[in-house]
Amino acid sequence: MQIRKRPFVFILFTSLILIVGNGSLSYCDEMITGVTDKAVKIGIMADLTGPSADTWISFADGAKSYLNMVNDTGGVHGRKIKYIFEDDRYSIPLALSSFKKLVFKDKIFVLQGASGVGHTAAIIPLAEKKKIPLIAPIGDKKYFEPARKYIFCPIPWYQDQAKVMIEYIFNDMKLKNPTIALLWPDVASGKETRDTLRELVKVYPVQKYKEVVFPIGIMDFTSEILTLKRLKPDIVLIHADPPRASSILRSAYRLRFTTHFMVAQYGCVDKTIETSGKTAAGLLGVNCFGTWDDNSKGVNRLRKATLAYYPDIRHKDATIFQGWFMGFLFGEALKNAGMDLTRETFLKGMEAIRDYDTQGICGVISFGPDDHKSIETHKIYKADIKKNKFIPITGWRRPKAYDF
């Protein structure tokens, strides 16, 4: 009898090995991507020592504040979030090497990166090839439409901001046949703003439109301001980070060039006013995030957590909000994914974020299988040079649709 049973026992035993073995392999595959029962590993790429570090350091403070808060309250489904920062220094080669380190050495589960449009564009195909969910902080529409399975956008598109600025000029400022100038850096994000404005000035009654481009690293804008003076624009739109935006305003003041200035997202932060002083008087800006002093549930939570972890933090503005928001997206997607955490359930967890009221962090956000863009709305802000802060002068605004 025992001899007769051996073939059946052998087959049954072999089948069990294959079933359990396949299950184990699947589990190990997830393990090597940064998931255990007690932790999940995420990678974050940022410019911490390069030309845009002024922005990204505040971003890192906001992200770490949110993730630390989550970990100190038990994590997500019992898993602590282990975050690993890599400094890409706003360099495409360093962004590529940072990606390889995070993926192949640190074995992260999901990723945020990189610090610029060109840098992120370089790692998008790599993330897609490795099937790694990527929160890509670039506001360039072409990377998100049509929706790509593994790529999500945590910021508004640059073209949306250009639309909101133009709409404010005509609908609120009520400038008649204005001459408009754009001062922009020769980088991919600047080109996106430039290309959108080129289309918008065909739609609106603009008398003249002028573009003045500058290299990303310069700090002396004498030549650019002199060029603008000859044009005599009614308003100058600025696409620049805080150091460059401040230098533009100081150069304009020194050369007695007076007009309206309006700065886009990354220059519309309190650091710009602090370093500009009186030259920021009258400065307008557009931003998709709220303000530190806002008395809303979401901002109160952000403020309390940030001060708990970084009590001496100096800059309390929208860049902290962006980092906090990125951390929120990771946390909410992990929560929606449930205990059975895989990259597929994480993706579904991101897409399950629908009509979510951030309670002051930004406007209401939504994702979906065919929509991986989160933020749709902005506010217009005005500089208060006595308080060194941008003050909102509108509510949340969504730009209207255009045929381009």
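Residues numbered from 1 in each chain as written. Predicted model: local features only at pLDDT ≥ 70, side-chain atom pairs only at ≥ 80, totals over all residues. Heavy atoms only, no water.

A. Examining the nonpolar core more closely. Membership of the largest hydrophobic core comes to 74 residues, with the highest contact counts inside it found for Leu111, Phe289, Phe325, Leu329, Phe346 and Met350. Here this core takes twelve residues from helix α11 (residues 318–337), the largest share from any one element. Dropping the residues within four chain positions of it, Phe346 is found in contact with Phe109, Val110, Pro133, Phe330, Ala333, Leu334, Ala337 and Leu341. Counting 26 residues, the second largest nonpolar core, distinct from the first, contains Leu183, Ala240, Phe257 and Ile273. (Core = buried A, V, L, I, M, F, W, Y, C linked by side-chain atoms within 4.5 Å. Buried < 20%, exposed > 50% of the residue type's maximum accessible area, 1.4 Å probe, protein only. Helix = DSSP H or I, 4+ residues; strand = E, 2+ residues; numbered from the N terminus. Contact = heavy atoms within 4.5 Å.)

B. Structural detail: the pairing of strand β2 (residues 80–87). One ladder, built from eight bridges, connects strand β1 (residues 39–46) with β2; its direction is parallel. Within the sheet, the bridge partner assigned to Ala39 lies in β2 and is Lys80. With helix α2 (residues 53–72) bridging β1 and the parallel β2, this β-α-β connection has right-handed handedness. (Pairing = 2+ DSSP bridges. Right-handed = clockwise from strand over helix to strand, strands pointing away.)

C. Here's a closer look at the sheet that holds β2. Here we have five strands laid out as an open sheet, ordered β2-β1-β3-β4-β5, and parallel in their pairing. Pairing within the sheet leaves two strands with one partner each, and these edge strands are β2 and β5 (151–152). Here strand β3 (residues 110–112) runs beside strand β4 (residues 134–135); their pairing, made up of two bridges, is parallel. Note on β4: the bridge partner recorded for Gln112 is Ile135. Each of β1, β2, β3 and β4 touches α11; the most contacted strand, β3, lies at about 160° to it. (Axes fitted to C-alpha atoms, helices over the stretch in contact; angles between N-to-C directions.)

D. Examining unusual backbone geometry more closely. A cis amide bond, omega 0°, links Gly113 with the succeeding residue Ala114. Mapping Ala114 onto the fold places it in the loop between β3 and α4 (117–130). At the junction of Glu145 and Pro146, the peptide bond is cis and its omega measures out at 0° in the coordinates. In this fold, Pro146 is placed in the loop between β4 and β5. With a phi close to 60°, Lys131 is a non-glycine residue in the positive phi region. Looking at where Lys131 falls in the secondary structure, it is placed in the loop between α4 and β4. In the Ramachandran plot, Asn177 falls in the positive-phi region, its phi being about 45° despite a non-glycine side chain. As for its position among the elements, Asn177 is in the loop between α5 (158–171) and β6 (179–185).

E. Focus on helix α3 (residues 92–105). With 14 residues, α3 should cover 20 Å at 1.5 Å per step; its first-to-last C-alpha distance of 19 Å lies within 8% of that length. Ala95, Ser98, Phe99, Leu102 and Val103 are the residues of α3 that are buried. Projected down its long axis, α3 shows its buried positions confined to an angular sector of 120°, all on one face. Exposed positions of α3 whose direction lies more than 90 degrees from the buried face are Pro93 and Lys105. Count one or two residues on from α3 and you reach Lys107, which has phi positive near 55°. (Expected span 1.5 Å × (residues − 1). Arc of directions from axis to C-beta.)

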